[in-house]
Amino acid sequence: MRKNSSLLLSAALGAAVCLGPLVSAQSPLPAASPEDRALAREIFKQLIEINTTDTALGNVTLGAQAMQKRFLEAGFPAEDVHLLGPDARKQNLVVRLRAAGTPTAKPVLFLGHMDVVQALRADWSTDPFQFIEKDGYYYGRGTQDMKESDAALVATFLRLHREGYQPKRDLILALTADEEGGHFNGARWLLEQHRELVDAAYVINPDSGGVELDHGRPVVADVEATEKVYSDFQITAVNPGGHSSRPRADNAIYELTTALNKLAAYSFPFEMNEVTRTYFKNLAEQETGQSAADIRAVLATPPDKAAAARLSAEPSFNSNFRTTCVATRLSGGHANNALAQTAQANVNCRIFPGHSPEEIRHQLIDILGNSKLTVKFVSDAGDVSDTAPERKAIVPPAPMKEVFEPLARITQALWPGTPVTPVMENGASDSIYYAQAGIPCYGYSAIALERDDDRAHGQDERLPVESYWKSLDFFYSFSKAVGDAGSRE
Ligand SMILES: [Zn+2]
């Protein structure tokens, strides 16, 4: 998925955001040396030039092996470098930078997917699987999503190791397969099959979040601090059918569309959690007029219903206030002159943290209000089942100070004056599996991109060279900050 899927409506405004004591004085960061940069660039190039699409030409394992080789050659002990996975072409790499002695705090997991979305040479002005530097940008599939972060993290772990850095807790890097699609999601597989390798106090996933630029000016740094759960449901109406010259009283198409119209008119209950509350508090400082008043009114206890309704007219607010379910596909009938025997719709839900897909499936049955219709769950792999998973994303705790303090401080040093705000992701990333397992997840790429230059999954994907260097400096300082925080617990 993609970073910077910001919920900020009026993000154009860059006022300071309160996340506890932000450090305003900018202490210089230890910048990467020319040698560090050269190595980081070489790793980035290598990853871009290994095709990791979920196609006949793609192979994630080759990327994982290339990185494995680097860690082993750098002197990481073999028992701390694991190459593993359920499929020969979809192997994952898990590397552990060990704490000195016996740590008291759980590790920090850095999670990055190595697979990329398919890219066709004919659609691009350059070869998408060639790493090309041009006009201050790196071009290639994965330069925004998310080989830049994979490479920066590999380079960071290698640098920390070379410098003899000993964290107070283990730092783990997992590079995984099949985030963008495919049947072997590595992040999930590692959690379910080898939890001991990836178990952590929290997850940092650079697949979302980052710094938004407006004509070069940093406007806001988004940190994904919670995520909705993606779920598809298949709604089916069946009928004996017959000749269309003799319509029956019951009809699959009408029954389905009548039910869908009920869904269209329905609004799931208004909700807030610690993350969206912080987000809206920050936003209230920046908005003006009715909008600011409405946001304050929904932050009150109890929230003002009229204000919530007015704000909900804006889709980005609405999606932050509640679970949403919307019909996205429709099919039915088999001939122009026959009564439909089947009518079917896909309903896509984005479920607010704290609710399970099965709970929403039951709600859908109530909302659709026709016991003749079936409501089934469709998995990511396309399998249809009568019931849905019971697992839900945890209701997020207030953003952890241990994460946000260094994150904000280092962001300030790199992009002075940029407010940092937690957001709820309405898309989906691999973080959701960890959130469902009760592990807090934070999405932050430390990549600065122009708002109108989001090319993830698109043509001529590119990353400003300067952005790459900054993310490298970010991850170095941030890894040490969270690594040193291990003794406080
Ligand atoms: Zn991604």
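Remember, predicted model here, so these are calculated numbers, not experimental data.

### Some details on the sheet that holds strand β16 (residues 384-385)
Okay, step 1: Ordered by their spatial adjacency, five strands build an open sheet running β12-β14-β10-β15-β16, and the pairing between neighbours is antiparallel. Single-partner strands in this sheet number two, and they are β12 (324-332) and β16.
Okay, step 2: One ladder, built from eight bridges, connects β12 with strand β14 (residues 342-351); its direction is antiparallel. From the neighbouring strand, Thr324 faces β14, where its bridge partner is Arg350.

### Concerning the pattern of salt bridges
Okay, step 1: Going through the model one piece at a time under the given rule, you end up with 27 salt bridges.
Okay, step 2: With its nearest N and O atoms 3.8 Å apart, the salt bridge here joins Arg98 to Asp170. On the criterion of sequence distance, the pair formed by Arg98 in the loop between β2 (92-97) and β3 (108-113) and Asp170 in the loop between α3 (147-162) and β6 (171-176) is long-range, its members being 72 residues apart.
Okay, step 3: A residue is classified by how much of its surface remains accessible, and Arg98, at 44% relative accessible area, is partly exposed.
Okay, step 4: A salt bridge links Lys372 to Asp250, with the nearest nitrogen and oxygen atoms 3.9 Å apart. Within this pair, whereas Lys372 is found in the loop between α11 (357-368) and β15 (374-378), its partner Asp250 is found in the loop between β11 (242-243) and α6 (252-265), the two being separated by 122 residues in sequence.
Okay, step 5: Taken together, the shared-partner salt bridges in this structure form one network comprising Asp36, Arg159, Arg162 and Glu163.

### Describing the sheet that holds strand β7 (residues 202-204)
To summarise the sheet geometry, strands pair through backbone hydrogen bonds and adopt either a parallel or an antiparallel arrangement.
Okay, step 1: Strands sit in the order β1-β2-β6-β3-β7-β18 across an open sheet of six strands; the sheet is mixed. Of all the strands in the sheet, the pair left with one neighbour each is β1 (81-84) and β18 (441-442).
Okay, step 2: Relative to β18, β7 runs parallel, the two being bridged by two bridges. Bridge pairing in β18 links Ile204 to Tyr442.
Okay, step 3: The strands touched by helix α14 (residues 465-484) within the sheet are β3, β6 and β7, with β3 carrying the most contacts at an inclination of about 145°.

### Notes on the packing of aromatic side chains
Okay, step 1: Tallying each qualifying case throughout the model produces 23 aromatic pairs.
Okay, step 2: Their ring planes at 50° and their centres at 4.9 Å tell us that Phe270 and Phe321 sit as a pair that is tilted. With Phe270 in the loop between α6 and α7 (274-286) and Phe321 in helix α10 (residues 315-321), this pair connects stretches of sequence that are 51 residues apart.
Okay, step 3: For Phe270, a relative accessible area of 23% translates into the label partly exposed.
Okay, step 4: Under the relative-accessibility criterion, Phe321 is labelled buried at 0%.
Okay, step 5: Aromatic pair Phe474 and Phe478: ring centres 5.2 Å apart, planes at 15°, arrangement stacked. Within this pair, Phe474 and its partner Phe478 are both found in helix α14, separated by four residues, close to a single helical turn. For the pair formed by Phe474 and Phe478, the shared burial category is buried.
Okay, step 6: The lysine or arginine in question, Lys134, covers the ring of Tyr139, its NZ or CZ lying 4.9 Å from the ring centre.
Okay, step 7: Just above the ring of Tyr137 sits the side chain of Arg462; from NZ or CZ to the centre is 3.8 Å.

Calculation criteria
- Residues numbered from 1 in each chain as written.
- Predicted model: local features only at pLDDT ≥ 70, side-chain atom pairs only at ≥ 80, totals over all residues.
- Heavy atoms only, no water.
- Pairing = 2+ DSSP bridges.
- Helix = DSSP H or I, 4+ residues; strand = E, 2+ residues; numbered from the N terminus.
- Salt bridge = Lys/Arg side-chain N within 4 Å of Asp/Glu carboxyl O.
- Buried < 20%, exposed > 50% of the residue type's maximum accessible area, 1.4 Å probe, protein only.
- Contact = heavy atoms within 4.5 Å.
- Axes fitted to C-alpha atoms, helices over the stretch in contact; angles between N-to-C directions.
- Phe/Tyr/Trp six-rings, centres within 6.5 Å; stacked < 30°, edge-to-face > 60°.
- Lys NZ or Arg CZ within 6 Å of the ring centre and 35° of its normal.

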